[in-house]
Structures are given as structure tokens and as C-alpha cells.
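Here's the letter readout for the chains.
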Amino acid sequence: LKALEKAGDALTRRSLATQFARQYPASRKLAQVYALAAQASFALGDGATGLYYAGESLRMHPENAVLQATVAAVRANRGEAAMARGHAREALRY
């Protein structure tokens, strides 16, 4: 997990996060790892994969307001206004 947090580039972070999730599917840190994978995917311009990882993270840890706000922004940029508003509301709730 420390290597994942220290990885310099987004592609390496996403790769390490995916590897961690496969190796430790029951880890208590899995929500955090998925959030890091989502952020790395967004940085790579891969919104679909980022939304997948964000969804996995938020399913386990919905009170992650920063990730909720990021998902709201990505959804808004994709023209998904209703979904964006929902995530924005959740971000404000927490």
C-alpha cells in the first residue's frame, strides 16, 4: 500500500491498485485502494474506469466527500447531470 501511495505516475498507481485489490480482496484498505485507482484513472483521462473504481470505493465508504465531489465533476463533464447532482449532494452531506 505504501508503494501505491508513493508511486509517481498515474499508470503505475492504477496498476499497483489493481494488483493490490486482486491480492487482498478482503482488505480493510480496499476502499482506499479503489479510491486511489479511481483518481489515477481520472488523471489518465479514463473516465469510465475511474467511475468503476470510484463506485467500488463509494459502495464501501460512501462518506468519502472528496471522491463524491470528483465523481460529480466527472459525471457533469460527461453530460450526466442527474448523476452529477446526486454525487454532489452526497459530497455535501458528508
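Refer to the structure presented above.
All values reported here derive from a predicted model rather than from experimental measurement.

Q: Explanation requested: the overall build of the chain in the structure shown.
A: Across its full length, the chain carries six helices and zero strands. Each helix and strand of the chain, ordered N terminal to C terminal, gives the series α-α-α-α-α-α. At 13 Å, the chain has a C-alpha radius of gyration in line with the 12 Å of a compact globule built from 94 residues. Each principal axis of the C-alpha distribution contributes one length, and for the chain these read about 35 × 25 × 20 Å. Burial statistics for the chain: of 94 residues in total, 38% are counted as buried. If you take every contact in the chain between residues at least 6 apart in sequence, the share linking residues at least 24 apart comes to 43%. Separation between the mean location of the 13 positive side-chain charges and that of the 7 negative ones in the chain comes to 3 Å.

Q: Sorry, what's going on with helix α5 (residues 65-77) here?
A: If you check α5, its first and last C-alpha atoms are 18 Å apart, about what 13 residues at 1.5 Å a residue would give, namely 18 Å. Residues Leu 67, Gln 68, Thr 70, Val 71, Ala 72, Val 74 and Arg 75 constitute the buried set of α5. Immediately beyond the C-terminal end of α5, within one or two residues, lies Gly 79, with a positive phi of roughly 80°.

Q: Teacher, can you tell me more about the side chain of Gln 68 here?
A: The residue Gln 68 is located in helix α5 in this model. In this structure Gln 68 comes out as buried when scored by relative accessible area, which is 4%. Polar contacts involving the side chain of Gln 68 include one to the side chain of His 87, which spans 2.7 Å. Not counting chain neighbours up to four residues away, the residues in contact with Gln 68 comprise Leu 58, Pro 62, His 87, Glu 90 and Ala 91.

Q: Which parts of the structure should I look at to understand the nonpolar core?
A: If you look at soluble globular proteins, the nonpolar side chains tend to sit buried side by side. Counting residues in hydrophobic clusters, the biggest one holds 18 residues, and the most contacted among them are Ala 38, Phe 42, Ala 54, Leu 67 and Val 71. Every element with two or more residues in this core is listed here: α2 (10-23), α3 (30-43), α4 (47-60) and α5. For this core, the element with the highest residue contribution is α3, accounting for seven residues. If sequence neighbours within four positions are ignored, Ala 54 has contacts with Ala 38, Phe 42, Leu 67 and Val 71.

Q: What exactly am I supposed to notice about the packing of aromatic side chains here?
A: Note on aromatic pairs: each is described by the distance of the centres and the angle between the planes. Within the structure shown, the criterion is met by three aromatic pairs. On the numbers, 5.3 Å between centres and 65° between planes, the contact of Tyr 52 with Tyr 53 is edge-to-face. Among the aromatic residues, those joined into a cluster by ring pairs are Tyr 34, Tyr 52 and Tyr 53.

Procedures and definitions
Residues numbered from 1 in each chain as written. Predicted model: local features only at pLDDT ≥ 70, side-chain atom pairs only at ≥ 80, totals over all residues. Heavy atoms only, no water. Helix = DSSP H or I, 4+ residues; strand = E, 2+ residues; numbered from the N terminus. Rg over C-alpha atoms; globule rule 2.2 N^0.38 Å. Buried < 20%, exposed > 50% of the residue type's maximum accessible area, 1.4 Å probe, protein only. Contact = heavy atoms within 4.5 Å. Lys, Arg positive; Asp, Glu negative; His and termini not counted. Charge placed at Lys NZ, Arg CZ, Asp CG, Glu CD. Expected span 1.5 Å × (residues − 1). Polar contact = N/O pair within 3.5 Å; in protein donor to acceptor, adjacent residues only side chain to side chain. Core = buried A, V, L, I, M, F, W, Y, C linked by side-chain atoms within 4.5 Å. Phe/Tyr/Trp six-rings, centres within 6.5 Å; stacked < 30°, edge-to-face > 60°.

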